Structures are given as structure tokens and as C-alpha cells.
Amino acid sequence: MVRRAFELGYRRCEWKCDSLNAPSVAAAQRLGFRPEGVLRSAVVYKGRNRDTAYFSILEDEWPGVRGAVEAWLDSSNFDDGGRQRATLAELRATRAPAVARAVE
């Protein structure tokens, strides 16, 4: 979906989630989205004020992020048992060092 957004000419792709949703925050960062901040008390959800965490990838960051994600998903990154050979974090560190450091 991110690749398609940039192919359509978008300049940025956002990821936003409940700031307390640790798995979603971790996924955004693992995929190369950079933190932008938290919009405090953004909505009321299930009777509580929810803070929304914002992350983004900009068009000039996308080529490095894309290379790592595509290498991570490539069939050559899996052994005969279907186990991953290199993690996305490892691939990001070797293919897009500036992006990898920014989200750690």
C-alpha cells in the first residue's frame, strides 16, 4: 500500500495509531516510519481520551525503506522451512542506515 501511494505521486505516507497500542507503534517503527509526535486527547474512545501517535515516511526516504522492505519480503530471504534469514531491522540497517538510526 505504501509503494502504491508513492507510485501515485503522494509526497508522504502516514501511520497513526493509539499511542498505547505498543504493537502498532512497534510495527510502524519496524517498517521504517519515523515518529512525528502525539496528538493528545485526539478522540474519545471507549470512554477515555485517546492520544494518537503519528508516524510518516516521506518521498525522499521511501527508496531506502522500500529496498529493505522488498528484500525482507523476497522469497530468497526465507529458507526451505519458511524461516526468515534476515530481519527487517538488519536489512534496514544495511540498506538505509539513516532511516534505521532515526527510528531506533
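Per chain, residue numbering runs from 1 following the sequence as it is written. Selection of residues for local features in this predicted model requires a pLDDT of at least 70, selection of side-chain atom pairs for listing and counting requires 80 or more, and totals for whole chains, interfaces and linings are taken over all residues. Side-chain numbers here rest on the full set of heavy atoms in the structure, without hydrogens or water.

Moving on, we get to the pattern of salt bridges. When a carboxyl oxygen of Asp or Glu is within 4 Å of a side-chain nitrogen of Lys or Arg, the pair counts as a salt bridge. All chains considered together, the criterion is met by nine salt bridges. Across the pair arginine 3 and glutamate 7 runs a salt bridge, and its minimum N-O distance is 3.6 Å. Of this pair, arginine 3 and glutamate 7 both sit in helix α1 (residues 2-7), four residues apart, roughly one helical turn. Residue classification places arginine 3 among the partly exposed positions, given a relative accessible area of 42%. Exposure remark for glutamate 7: the relative accessible area of 47% places this residue in the partly exposed category. A salt bridge links arginine 66 to glutamate 70; its shortest N-O distance comes to 2.7 Å. Of this pair, arginine 66 and glutamate 70 both sit in helix α3 (residues 62-73), four residues apart, which is roughly one turn of that helix. For each residue, the accessible area found with a 1.4 Å probe, counting protein chains only, is set against the maximum for its type, and the residue is called buried under 20%, exposed over 50%, and partly exposed in between. The class of arginine 66 is partly exposed, set by a relative accessible area of 29%. According to the relative accessible area criterion, glutamate 70 is partly exposed, its value standing at 34%. Taken together, the shared-partner salt bridges connect Arg3, Arg4, Glu7, Arg66 and Glu70 into one network. Strands here mean DSSP runs of E at least two residues long; helices mean DSSP runs of H or I at least four residues long; both are numbered from the N terminus.

Attention now goes to the environment of valine 38. Locating valine 38 in the fold gives a position in strand β2 (residues 34-45). Taking the relative accessible area as the measure of exposure, valine 38 reaches 49% and is therefore partly exposed. As a C-alpha pair, valine 38 and serine 75 span 37 residues in sequence and 36 Å in three-dimensional space. For this analysis, residues touch if any pair of their heavy atoms sits within 4.5 Å. In this structure, valine 38 is in contact with Ser19, Asp51, Thr52 and Ala53, ignoring residues within four places of it in sequence.

A few words on helix α4 (residues 88-95). Taken as a whole, α4 has its buried residues at Leu88, Leu91 and Arg92. One face of α4 carries all of its buried residues, which in axial projection span an arc of 100 degrees. This arc corresponds to the set of directions leading from the helix axis out to the C-beta atoms.

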